[in-house]
Structure formats: C-alpha cells, structure tokens
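Below, each chain spelled out in residue letters.
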Amino acid sequence: MKKEMKAVICVILSIWFFFMGFELGSYREKKNMVAQPSVQNVPQTAATQQTTAAPQTTAPQTETTASAAEQTTAASGEQEQTTKKEDNNAPKDPASLSKSEILEAATKAINNMKAEQNMTAVQTENTQINVTNCSIQSAVGLINNIIQKMAGEKSATYQFVNGQATGVRPDGSAVEDEGVVSPTQVVPPKSQNFGLTEAGLADATAAKDGENTVYTLKLVPESATFEAPAPAHNSVAIGYLDLSKIDISGATITKADMQYPGSTVIATVNPEGKLIKLDLNLPMTGYGEAKVVFANGNASFDGSQHEVWTFTY
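In this text the structure is predicted, and so the values were computed from the model without any measurement.

Colleague: So what's going on with the overall build of the protein? Which residues, and what values?
Modeller: When you go through the protein residue by residue, the secondary structure sums to seven helices and eleven strands. When the 313 residues of the protein are sorted by exposure, 40% land in the buried category. Summarising the internal contacts of the protein: among those between residues at least 6 apart in sequence, 70% fall at separations of at least 24. Element-wise, carbon and sulfur atoms account for 51% of the exposed surface of the protein, whose accessible area totals about 18000 Å².

Laid out in structure tokens, this is it:
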C-alpha cells in the first residue's frame, strides 16, 4: 500500500506541478501603467539675423558677386542640414540596435497590444513533461505514459471587441474557468504589463523578416523554491510555476525547487509598429516532495511550455 501511495504522489506532483502551477503562478495584480508623452525640443537649423546696413547709392560689382557666393554657400549648408535631419529620422537597421533599444521596442509593442480594444488573438500552447526520477523508480515509465495523455497542444481564439472577449476552443466550447477577459488578463505575462528589464536580459537580437521586424529576447537563468516561487525576471516576462498555492485534498507539497535555464521571448512587429506574433518558450527542470497521510514521495522532472500568440487588427 505504501508503495502504491508513493507512486500516486509522483503522479500528483508531476501533473499538478504543470497543469495547476501555471494557472496559480500568474500574478493577479493589475498594474496601472501611465504612459507619459515624450517631448523633444528640435533645434533650429539656422538663426534668424537682422542686419542694419547704411544706404548706398552705388553697389560695387565685387560686393554683388560676394553676396551671391554667400547666398549659394548658405543654401548649400541648409540643404546639407536638411539631408542630415532626414537621415536621422530614417528607421535604423535592426541589426545595429543595442540591447536596450531592442528591449524597449519589444516592450512597447507587447504592451501596446495589451491595450488594444479590437483585435483577434489566437493562442497555441504546447506543454511537455518528462518525469526523470521518483520515489518508485519502476513507476517512471507508467507515470510518463499517463502524463503524455494529458499534456500536448491546445489552442483558443479571442475576438476582442471594446477590450473584452471570451476564449473559444476549436470545438466551439469556451475556455475553461476563464469567462470574459481582456488582452492583459490572458496574454503572458498574465494580468500585468510586460516588465522585463536589462538585468534579466542575457541576450537580445533584432532582424528583418520581410517588412516585419523580429525581436528576440533571451532571459538569464533563474531558480525558485517553494518558499520563494516567483523568479524575478520570468514572472514579468512570461510566467512561472507557483506551487505554494496548490491545494490538493489529502496531500501536502513540502518541497519544490525549480530551475529556469533560459526562457525566450520573440516578438514580431509589423511596419506600423503593431505586434503580430508573440512566441514564448519556458523550459524548466524541477524537484518536488509531498506527503499523503503517512506516506512521503518525491519526483524530478524536466519539461517546457511553448506558447504562441498571433494577432490581427
């Protein structure tokens, strides 16, 4: 009986870690993001000068020639300044952008999408779980077979009107336990704006894809524990597993160590600056312990959550 109970605990740990942890792991605090317009002073290209000259009855030919030359030089200078101004306003080559510029551009596009009132968003989510070890080693294969039947891909479509929508599965049913939502509530990071900082950025690249620009952000590795489940950077960029709030009748989770080796956020932005695709990859490994009545169990696992959103306006 004790052996069977340990196997059950392994299943509970492995399945609930992934399927309940993500739902409970997203912050439920809605941040009020106030966008302040940026005002820049544009310097004048030339100073206006007033010259008071004494009247002359006859203008020497040499002065007329000099004046014409000066006017030609001034016109040439103004044309050069205008050309430089146009060059400064030209869009930068994405490959030349710095990490901070890439992060700023991706953040702006993601958060502008979260504020959209009318659009269609399609979500595709794929969860992979693999138990690598548990209290009953001989049960690992059986547990993985059970998990694979529950994992895999799922999708939903949201047609936002005035900032509200109900998610619909391919079979026409509503997304479970969700109701009417806004883009911010369902697009990761859930219920908050995208808030990754340079401190959480391991690498950033930008490249053209036809007319669109693709921004790729690689997060730094992070770890979390049962007592401190929120990794600082993943929590504000994608999400995380929060096992401390899981309530399993008759079972108590006593330990949960998670590692996030390097998540990825890929934002594709169209020429109008609108986000048209958001690709989120959250790989992880973990170890957990739990007890049911008088039996204890533990499980180690690795896996990932790959989530893709596409947007049309």
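Colleague: Give a description of unusual backbone geometry that names residues and reports values.
Modeller: Note that the residue after Pro188, namely Pro189, is joined by a cis bond; omega there is -5 degrees. Among the secondary structure elements, Pro189 is positioned in the loop between helix H6 (183-186) and strand S5 (201-209). If you check the backbone angles, Asn162 has positive phi at about 55 degrees while not being a glycine. Tracing the sequence through the fold places Asn162 in the loop between strand S2 (152-160) and strand S3 (165-166). With a phi angle near 55 degrees, Asp177 is a residue other than glycine that sits in the positive phi range. Following the sequence through the fold, Asp177 ends up in the loop between S3 and strand S4 (180-181). What makes Asp177 exposed here is its relative accessible area of 84%.

Colleague: Lay out the pairing of strand S9 (residues 264-269) with the relevant residues and their values.
Modeller: Among the six residues of S9, five are classified as buried, and the element is accordingly described as predominantly covered. Sheet topology note: the strand S6 (residues 212-219)/S9 ladder contains six bridges and is antiparallel. When the bridges of S9 are listed, Tyr215 appears paired with Ala267.

Colleague: Explain the nonpolar core residue by residue, including any values.
Modeller: Most often, soluble globular proteins keep nonpolar side chains buried together rather than apart. Residues Tyr158, Leu217, Val265, Leu275, Leu278 and Phe311 are the most contacted members of the largest nonpolar core, which totals 43 residues. By residue number, the principal contributor to this core is helix H4 (residues 99-114), which donates six residues. Apart from residues no more than four positions distant in its own chain, Val265 is found in contact with Ile110, Phe194, Tyr215, Thr216, Leu217, Leu219, Ala237, Ile238, Leu278, Asp279 and Leu280. If you look at the next biggest cluster of nonpolar residues, it comprises eight residues, including Val131, Cys134, Ile147 and Ala299.

Colleague: A description of the environment of Lys277 should follow, citing residues and the corresponding values.
Modeller: One can find Lys277 in strand S10 (residues 275-292). Each C-alpha atom of the pair Lys277 and Ile110 lies 9.5 Å from the other, and the pair is 167 residues apart in sequence. Filtering out sequence-adjacent residues up to four positions away, Lys277 remains in contact with Ile266, Ala267, Thr268, Val308, Trp309, Thr310 and Phe311.

Colleague: Go over the packing of aromatic side chains, please, and point to the residues and values.
Modeller: What the rule picks out here adds up to three aromatic pairs. Here Tyr158 and Phe160 contribute two aromatic rings whose centre-to-centre distance is 5.9 Å and whose plane-to-plane angle is 10 degrees, an arrangement assigned as stacked. By relative accessible area, Tyr158 is classed as buried at 1%. Taking the relative accessible area as the measure of exposure, Phe160 reaches 2% and is therefore buried. Judged by centre distance (6.3 Å) and plane angle (5 degrees), the ring pair of Trp309 and Phe311 falls under stacked.

Colleague: Quick one: what's the story with the pattern of salt bridges, residue by residue and with numbers?
Modeller: Scanning the entire structure with this criterion turns up four salt bridges. When the shortest N-O distance is used, the salt bridge between Glu125 and Lys154 registers 4.0 Å. Placement of the pair is Glu125 in strand S1 (residues 119-134) and Lys154 in strand S2, with a sequence separation of 29 residues. Ionic pairing is found between Arg169 and Glu176, a salt bridge with its closest N-O pair at 3.0 Å. Owing to a relative accessible area of 11%, Arg169 belongs among the buried residues under this scheme.

Rules behind the numbers
Residues numbered from 1 in each chain as written. Predicted model: local features only at pLDDT ≥ 70, side-chain atom pairs only at ≥ 80, totals over all residues. Heavy atoms only, no water. Helix = DSSP H or I, 4+ residues; strand = E, 2+ residues; numbered from the N terminus. Buried < 20%, exposed > 50% of the residue type's maximum accessible area, 1.4 Å probe, protein only. Contact = heavy atoms within 4.5 Å. Areas by Shrake-Rupley, 256 points an atom, 1.4 Å probe, with all protein chains shown as cover. Pairing = 2+ DSSP bridges. Core = buried A, V, L, I, M, F, W, Y, C linked by side-chain atoms within 4.5 Å. Phe/Tyr/Trp six-rings, centres within 6.5 Å; stacked < 30°, edge-to-face > 60°. Salt bridge = Lys/Arg side-chain N within 4 Å of Asp/Glu carboxyl O.

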